[in-house]
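# Architecture and fold: a report
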Amino acid sequence: MDTSKDMLIGLVAIVLGSIFTITFIAIESETGIIGLIALSGAAVVLASRTGISERISNAFSSNESMMNSAVLVAVLVIIFWFREDHFSLLMIATVMLYLTACLGLNIQLGYTGVVNFSGAAFFGIGCYTAAVLNQNTGLSPLIVLVIGGIMAALIGSILILPMLRTRGHYAAVVTIAFAILFKTFLEVNDTLGGAQGLKVPGMEILGWDFNSNIEIGDEIELSFYLNYVAIALVLSVLAFILMRRVERSWIGLNLDAVRLDETVAACFGISIKRWKVTAFTMGNFLIGMSGAVFAMMLGFIAPSNFAFSDSLMLLSIVLLGGMGSPWGTVVAAGLVILLPEKLQVIQEYRFLLFAVVVILILVFKPQGLLPRGLRAYIPGWRG
Amino acid sequence: MTKGHDKVLAFRGLTKRFGGVVALDHFDMEVDEGQIMGLIGPNGSGKTTSFNVLTGIYEATGGTIEFLGQDITNWTAQKVCEAGVARTFQRSRLCVELSIFDNIMIGNHQNLNHGLMYNIFQRKALKRDLQESFEQAKELMAIFNPPLAGRMMEPVRNFGMIDRRRIEICRALISHPRLLLLDEPSAGMTEDETRQLMDDILVVRDKIKGLSIILVEHEMGMIERVTDRCVVLNFGQKICEGAYREVASDKLVQEAYLGVE
């Protein structure tokens, strides 16, 4: 009886959330945006004070597949709403691609505790792979994006070798070095376009050109970004499912054990190396794939897109959302990508702002906006 | 071989040096099947070091370790565990944010399927597997404390010291080891809790036939009640071995604990 009431509250929350998101993306004036942020802040505080947020999370844990589908429908409605608006669709696709990358990062950091300060570099590997392959070969873009992921995973598996020989902060330093090295390498490498960057031909599958608008009859003309939004949505949903399934399995348990206590893990026969390599590779694969789509969507990439600060931004999404929390990552990716786009005032200060937000989160809510719960293995399973 | 028992573990001349400090000095010890061996000695005498060398956390500087007839000197922690040695830690080392069930399953690692395809795509098989493992863990937990068996999906941080110790022992026992190492299980406990813990250890001995236990402990009441035999270490050297009464009346042991005038 209570669960059905919880579910109703959860569904209402999803409807309100999608109305909010649509308004947020559609609104032009900056004062309007600030007003909306204040409103949502008040709503969140109110919901947690009155216990409504708890009931929403109850709805998700007791009736997961239903609630997840509801969110998916809401996302489809949001996309449909902006079907003709290039810029809004570009933003939505960007959020989804960064979300995919951050879900990968979350498998590394949130579950396994492998700190990766070179997220943007692996994203860049996917981008450049797509650029080079699309320029020089006639491979199908779907294969290209998988190769983008594989390239990131492969280069990651070289980087993991020195990381496995170090512990804690030192492993993190290895990734910082790689992030800086990657950008410098691109800047001086002329075949990859040097500092000017590369043009990336768009996607084309079976004669379907992703870079021209979709015309249905004479009246309806849909933005060509809709193609990329669709691909990004499929990718992010698959990444979400993958992350969930990894967590809810013996693998997720191994990853947690490696993160929480390496000595204990080893004493019970858990191979630290195997699971760090697995998580790192899996994460980089997701990051690389999202990078490949991102490059094809933008049509142009340059080394400055893959600076160390971009890696930090990816990490700040993971921290803000909550370590190991897929829904948290969804919310945080939306906030971190959309806010600076809508509030041009903070655009220049966004890294400063994110730094402040990360510090505040670490001090006041170290588990993130939507903290990860206990492992449930199977939705609704109570043993 | 003593009294026809099978020998499970033997240290021969086991030595561990940290730079100039000799933590273990030609340490010889044998543990028989089903025996509870007490390992005592003042602080810093090498008790925990011997556990760490045995379980592959430290590398031995010299000597050999034989387990079930195999030379396991300097095996990795993972291989020692697979051979059948399980342990608890001095300060309880559970993953406190994970549930009791999760923690026990960490101990069950070698019996679980860790294939990527299996875990991600064969969810139905995994579900059956999960249910079976859960029943198994619950049964084991119920031996120690039935109320805990009803709270398997709660995070360990909700529980007190004695319960955490029990969970830790379950984590070590779930994989059916041949040798259990208990490192100061009574540390941080009240007298009453220590008494309950002793009962638990005796329950383990009665229920699991053939399991050998090495117990590191400062609580002499516990050593007296639980162990069959004791080894006393001082500055990494074995100074005495025998039943608790013999050991306690030994002059060298009294000097080691109380000092010489």
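Small disclaimer: the values here were computed from a predicted structure and weren't measured. (Residues numbered from 1 in each chain as written. Chains lettered and ligands numbered in written order. Predicted model: local features only at pLDDT ≥ 70, side-chain atom pairs only at ≥ 80, totals over all residues. Heavy atoms only, no water.)

Helix and strand content of chain A: 16 helices and six strands. With respect to the three principal axes, the spread of C-alpha positions in chain A is 70 × 65 × 40 Å. Within chain A, buried positions represent 52% of all 383 residues. Counting only contacts in chain A whose residues sit at least 6 apart along the sequence, the fraction spanning at least 24 positions is 78%. On chain A, roughly 17,200 Å² of surface is accessible, and the fraction owed to carbon and sulfur atoms is 68%. The distance from the centre of the 21 positive side-chain charges to the centre of the 23 negative ones in chain A is 16 Å. (Helix = DSSP H or I, 4+ residues; strand = E, 2+ residues; numbered from the N terminus. Buried < 20%, exposed > 50% of the residue type's maximum accessible area, 1.4 Å probe, protein only. Contact = heavy atoms within 4.5 Å. Areas by Shrake-Rupley, 256 points an atom, 1.4 Å probe, with all protein chains shown as cover. Lys, Arg positive; Asp, Glu negative; His and termini not counted. Charge placed at Lys NZ, Arg CZ, Asp CG, Glu CD.)

With that settled, the discussion passes to the side chain of serine 50 of chain B. One can find serine 50 of chain B in helix H1 (residues 47-54). Not counting chain neighbours up to four residues away, the residues in contact with serine 50 of chain B comprise Phe11, Leu24, Phe27 and Leu39 of chain B.

Before going further, it helps to spend a moment on the sheet that holds strand E1 (residues 7-18) of chain B. All names here are of chain B. On the basis of which strands lie adjacent, the open sheet formed by four strands has the order E2-E1-E4-E5 and antiparallel pairing. The open sheet has two free edges, formed respectively by strand E2 (21-32) and strand E5 (70-71), since each of these has just one partner strand. Bridging between E1 and strand E4 (residues 62-67) involves five bridges; their strand directions are antiparallel. In the sheet register, alanine 10 faces E4, and the bridge partner there is glutamate 66. Those strands touched by H1 are E1, E2 and E4, and its axis lies near 110° from that of E1. (Pairing = 2+ DSSP bridges. Axes fitted to C-alpha atoms, helices over the stretch in contact; angles between N-to-C directions.)

Looking now at empty space enclosed by the protein. All chains considered together, the criterion is met by two cavities of 30 Å³ or more. By volume, the largest cavity is sized at about 50 Å³. Lining the largest cavity are Cys267 of chain A together with Thr55, Ala77, Val80, Cys81, Val85, Ala86 and Arg87 of chain B. Elements supplying a minimum of two residues to the lining of the largest cavity: helix H2 (77-83) and strand E6 (85-87) of chain B. (1 Å grid on protein atoms, 1.4 Å probe; cavity = no way out; pocket = protein on both sides within 12 Å on 5 of 7 lines; lining within 4 Å. Points joined across faces, edges and corners; volume = space filled by probe spheres on them.)

Residue and element names in this part refer to chain B. Pairing in this open sheet of six strands is mixed, and the strands run E6-E7-E8-E3-E9-E10 from one edge to the other. In the strand order of this sheet, the two ends are held by E6 and strand E10 (237-242), each with one partner. Strand-to-strand twist of the sheet, defined as the mean angle between neighbouring strand axes without regard to direction, takes the value 20°. Seen against the sheet, H1 touches strand E3 (36-40), E6, strand E7 (179-183), strand E8 (212-216) and strand E9 (229-234) and runs at an angle of roughly 145° to E7.

This next bit is on unusual backbone geometry. All names here are of chain B. Phi at leucine 68 is positive, roughly 50°, even though this residue is not glycine. With respect to the helices and strands, the residue leucine 68 is situated in the loop between E4 and E5. Despite not being glycine, phenylalanine 235 shows a phi value in the positive range, around 50°. Here phenylalanine 235 is to be found in the loop between E9 and E10.

Residue and element names in this part refer to chain B. Residues with a pLDDT of 70 or more make up 97% of chain B, whose mean pLDDT is 88. For chain B, the element scoring lowest by mean pLDDT is helix H11 (residues 251-258), at 78; helix H3 (residues 100-107) scores highest, at 94. With pTM at 0.90, the complex prediction returns an ipTM value of 0.86. (pLDDT = per-residue confidence, 0-100.)

With that settled, the discussion passes to the domain arrangement of chain B. All names here are of chain B. Split by domain assignment, chain B resolves into domain 1 (1-84 + 177-261) and domain 2 (98-176). Each of domain 1 and domain 2 has a C-alpha centre, and the two are 27 Å apart. Every contact between the two is made by 20 residues of domain 1 and, on the other side, 12 residues of domain 2. For the pair domain 1 and domain 2, the two sides together bury roughly 1,400 Å², of which 69% comes from carbon and sulfur. Between aspartate 200 and arginine 166 there is a salt bridge, with the nearest N and O atoms lying 2.9 Å from each other. Contributions of two or more residues to the side of domain 1 that touches domain 2 are made by H2, E7 and helix H8 (191-207). Among the elements that take part in the side of domain 1 that touches domain 2, H8 stands out by supplying seven residues, more than any other. By residue class, the composition of the side of domain 1 that touches domain 2 is 12 nonpolar, two polar and six charged. (Domains from an automatic or database assignment. Buried area = accessible area lost by both parts, 1.4 Å probe. Salt bridge = Lys/Arg side-chain N within 4 Å of Asp/Glu carboxyl O. Nonpolar A, V, L, I, M, F, W, Y, C, P; charged D, E, K, R; others polar.)

All names here are of chain A. Within the element layout of this structure, aspartate 6 appears in helix H1 (residues 2-26). Within the structure, the side chain of aspartate 6 is placed 2.7 Å from the side chain of arginine 55, a separation counted as a polar contact. Contacts of aspartate 6, omitting those with residues within four sequence positions, involve Arg55, Asn58 and Ala59. (Polar contact = N/O pair within 3.5 Å; in protein donor to acceptor, adjacent residues only side chain to side chain.)

For the rest of this paragraph, the subject is the nonpolar core. With 171 residues, the main nonpolar core has Trp250 of chain A together with Phe101, Ile104 and Met141 of chain B as its most contacted residues. Non-local contacts of tryptophan 250 of chain A, meaning those with residues more than four positions away in its chain, are made with Tyr377 of chain A together with Phe101, Met105, Leu112, Asn113, His114, Tyr118, Asn119, Leu126, Asp129, Leu130 and Ser133 of chain B. Leu24, Met37, Phe51 and Ile72 of chain B belong to the second largest nonpolar core, which has 25 residues in total. (Core = buried A, V, L, I, M, F, W, Y, C linked by side-chain atoms within 4.5 Å.)

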